[in-house]
Amino acid sequence: MDALELFAHPVRLRVIHAMAGQRTLTTAQLCEVIPDVSKATVYRHVGVLADAGILEVDGEERVRGAVERRYRLRREHAAVEPEAMVALSPEEHRRVFAAAVATLLAEFGAYVEREHADPIADAVGYRQHAVWLDPAELEQVIAGVRAALVPHLGNEPAPGRRRYLISPIQFPLED
C-alpha cells in the first residue's frame, strides 16, 4: 500500500492523531481515545499502520492470556513525501482532501458529543479567511504557521495539556 492509500483514510488519520506527541498506546487504549469507531475497525487499521512502519511496537505484555502490544508513532514515516504529492492527479488530490475533511468532521463530531464539551472554554475555532496574497506573501504565511506549530509537534502529554487538532488548509479561490 502506497503512502497515498495509507493516509487517505479517516480512521488511519485519527489513529495517527491519537498517537501524536510521543504517546505509547495499546489498541484497547486507542479504542478509548476513538470511541466512535468500532474496535474491529481500530484493530484493523492499527495493523495496517504497523505493517507499513507508521506505528511500531514499543512493548508487549500478557493480559488475561493474550499478548497486548503498545504502539508508538514513527513520526518520520507519518507523512507523504512532497515528490509523491507532485505526482498526484486532480482526482487523487480530491481523494486525499476528502479524507482530511472527513477526518476533521469525525474528530469534531466526537468532540461535540462528549459530555463536557465546551467550545467556548476550549477555544474551539473554525474561522476561514479569504486573503489576497502574492506568492512571496503566501510563503511568508506558510512559514509563519510552520514556525508557530513545529516547536510543539513533539510535545508529550503532561498535566494541563490537552491534545488539539490544528489543521491549516490553504488553496487559491480564484485564478
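Fair warning: this is a prediction, and the values are worked out from it, not measured in the lab. (Residues numbered from 1 in each chain as written. Predicted model: local features only at pLDDT ≥ 70, side-chain atom pairs only at ≥ 80, totals over all residues. Heavy atoms only, no water.)

Moving on: the environment of leucine 138. With respect to the helices and strands, leucine 138 occurs in helix H7 (residues 135-149). Relative accessible area serves as the criterion here: at 33%, leucine 138 is assigned to the partly exposed category. Taking the C-alpha atoms as reference, leucine 138 lies 31 Å from alanine 121; in sequence the two are 17 residues apart. Once residues lying within four places of it in the same chain are set aside, the contact partners of leucine 138 are Leu133 and Gln170. (Helix = DSSP H or I, 4+ residues; strand = E, 2+ residues; numbered from the N terminus. Buried < 20%, exposed > 50% of the residue type's maximum accessible area, 1.4 Å probe, protein only. Contact = heavy atoms within 4.5 Å.)

Another point: the pairing of strand S2 (residues 55-63). Here S2 pairs with strand S3 (residues 66-73) via eight bridges, running antiparallel. Bridge pairing links glutamate 60 to arginine 69 in S3. Count of turn residues in the S2/S3 antiparallel hairpin: two residues, of which arginine 64 carries a positive phi of about 50°. (Pairing = 2+ DSSP bridges.)

What follows covers the pattern of salt bridges. For the structure shown, the criterion picks out 10 salt bridges. Measuring nitrogen to oxygen at the nearest pair gives 3.6 Å for the salt bridge that ties glutamate 76 to arginine 74. Arginine 94 serves as the salt-bridge partner of glutamate 91, at 3.2 Å between the closest nitrogen and oxygen. You can see glutamate 91 and its partner arginine 94 sitting in helix H6 (residues 90-113), three residues apart, about one turn around the helix. On the basis of relative accessibility, which here comes to 49%, the residue glutamate 91 falls in the partly exposed class. Residue arginine 94 is classed as exposed on the basis of its relative accessible area, which comes to 52%. (Salt bridge = Lys/Arg side-chain N within 4 Å of Asp/Glu carboxyl O.)

Looking now at the nonpolar core. Among the nonpolar cores identified, the biggest contains 21 residues, and Val15, Met19, Leu30, Ile54 and Leu55 are the most heavily contacted of them. Residue assignment for this core shows that the elements contributing at least two residues are helix H1 (3-7), helix H2 (10-19), helix H3 (27-33), helix H4 (39-51) and S3. When residues in this core are grouped by element, the largest group, six residues, is from H2. Once you skip the residues sitting within four places of it in the chain, leucine 30 turns out to touch Val15, Ala18, Met19, Leu25, Val42 and Val46. (Core = buried A, V, L, I, M, F, W, Y, C linked by side-chain atoms within 4.5 Å.)

Next up on the list: the sheet that holds strand S1 (residues 24-26). Reading across from one edge, S1-S3-S2 is the order of the three strands in this open sheet, with antiparallel pairing throughout. Each of the sheet's edge strands pairs with one partner strand only, and the pair in question is S1 and S2. Direction aside, neighbouring strands of the sheet carry axes that sit 30° apart on average. Packing against the sheet, H2 makes contact with S1, S2 and S3, and its axis sits at approximately 80° to S3. (Axes fitted to C-alpha atoms, helices over the stretch in contact; angles between N-to-C directions.)

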